[in-house]
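Residue-level structural notes
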Amino acid sequence: MTNFPSVAFIGGGNMANALVSGLINQECPLENIHVIEVADSLRTQWANRGVSTSAGPDETLRHHRVWIFAVKPQQMKEVVLQCKEWMSADTLIISIAAGISISSLATWCGSAQVPYQNIVRCMPNTPALVGAGVTGLAAPAGLSARDRVIATSLLSAVGQAVWVNDDAAIDAVTALSGSGPAYVFLFLEALVKGGEALGLTASQAKELALATLSGATKLASASPETPATLRERVTSKGGTTAAALAVFQEAHFVDIVSQAMNAADRRAAELSKEFGA
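Keep in mind the model is a prediction, meaning the values are calculated, not measured.

What counts, and at which threshold
Residues numbered from 1 in each chain as written. Predicted model: local features only at pLDDT ≥ 70, side-chain atom pairs only at ≥ 80, totals over all residues. Heavy atoms only, no water. Helix = DSSP H or I, 4+ residues; strand = E, 2+ residues; numbered from the N terminus. Buried < 20%, exposed > 50% of the residue type's maximum accessible area, 1.4 Å probe, protein only. Contact = heavy atoms within 4.5 Å. Areas by Shrake-Rupley, 256 points an atom, 1.4 Å probe, with all protein chains shown as cover. Lys, Arg positive; Asp, Glu negative; His and termini not counted. Charge placed at Lys NZ, Arg CZ, Asp CG, Glu CD. Patch = residues over 30% accessible without salt bridge, like charges linked within 9 Å, V, L, I, M, F, W, Y side chains within 5 Å. Salt bridge = Lys/Arg side-chain N within 4 Å of Asp/Glu carboxyl O.

1. Some thoughts on the overall build of the chain
Looking only at helices and strands, the chain features 11 helices and eight strands. Taken along the three principal axes of its C-alpha coordinates, the chain extends 70 × 40 × 35 Å. Buried residues in the chain amount to 38% of all 277 residues. In the chain, the proportion of contacts linking residues at least 24 apart, taken out of those at least 6 apart, comes to 66%. Summed over all atoms, the accessible surface of the chain reaches about 14800 Å², with 58% contributed by carbon and sulfur. Counting 19 positive and 23 negative side-chain charges, the chain places the centres of these two groups 2 Å from one another.

Here is the structure:
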């Protein structure tokens, strides 16, 4: 992105840090970035990075066309309403709060009678902190093509951006890629513990597990084959891999993963009911 819009981050936590770092890496001018953060220590850290800051919403927001809300779901409605008086007709609202629906955001930013349309709801994930994230995005039908491009460019600063159709799809994104890093970390933990139990040192087991996960995902990304085909190709009949996979199958591993994702999807929908009114 060569013409960076002016961006205000409402909430200066980890995801804001990742996005700002990504924008700076793409040579976004520091003067284009403003961060609202209530915590004094965090706000000082932001100021030390050279961006403008404030402890709460104020008229500074008028000078920033894109507002990225990076606050907890339970805080979202209150914070949006606090900011609303400084909105312009073309302010682009981007929310990364889990479970807060597009319709709730449209009502809070506009009204029940005239829902606001310049909204993007998205769900990034924590690998964004190292520029390797993936973000699902959805928007109302009234969002302009121009603002779709802006949202895509901003979120692409920390990885990939994938547009989906609606709130239900964003909940599915939350269950897959939003929560997915935790699933991978759990599997990584299990591999390391399993390696130690078989006699490897903790450092050896971690190094081997990390390289295995990294290499397997790189191979899957580079190959035109499906994951199922790749799995079959590394599984010799009667071999060690077949013996291990048989245990996974007996434990209904695929069903367990599906059940876990369904639980995350349901929780995202519950958050919408709890905090989207």
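Once the structure has been displayed, the description carries forward.
2. Points about a nonpolar patch on the surface
On the surface, Phe187, Leu191, Phe248, Phe253, Val254 and Val257 cluster together into a nonpolar patch covering about 490 Å² of accessible area. At the level of elements, α7 (180-197) and α11 (253-275) are the ones that each hand at least two residues to the nonpolar patch. Residue contributions to the nonpolar patch peak at three residues, all from α11. Residue placement: phenylalanine 248 occurs in helix α10 (residues 240-250).

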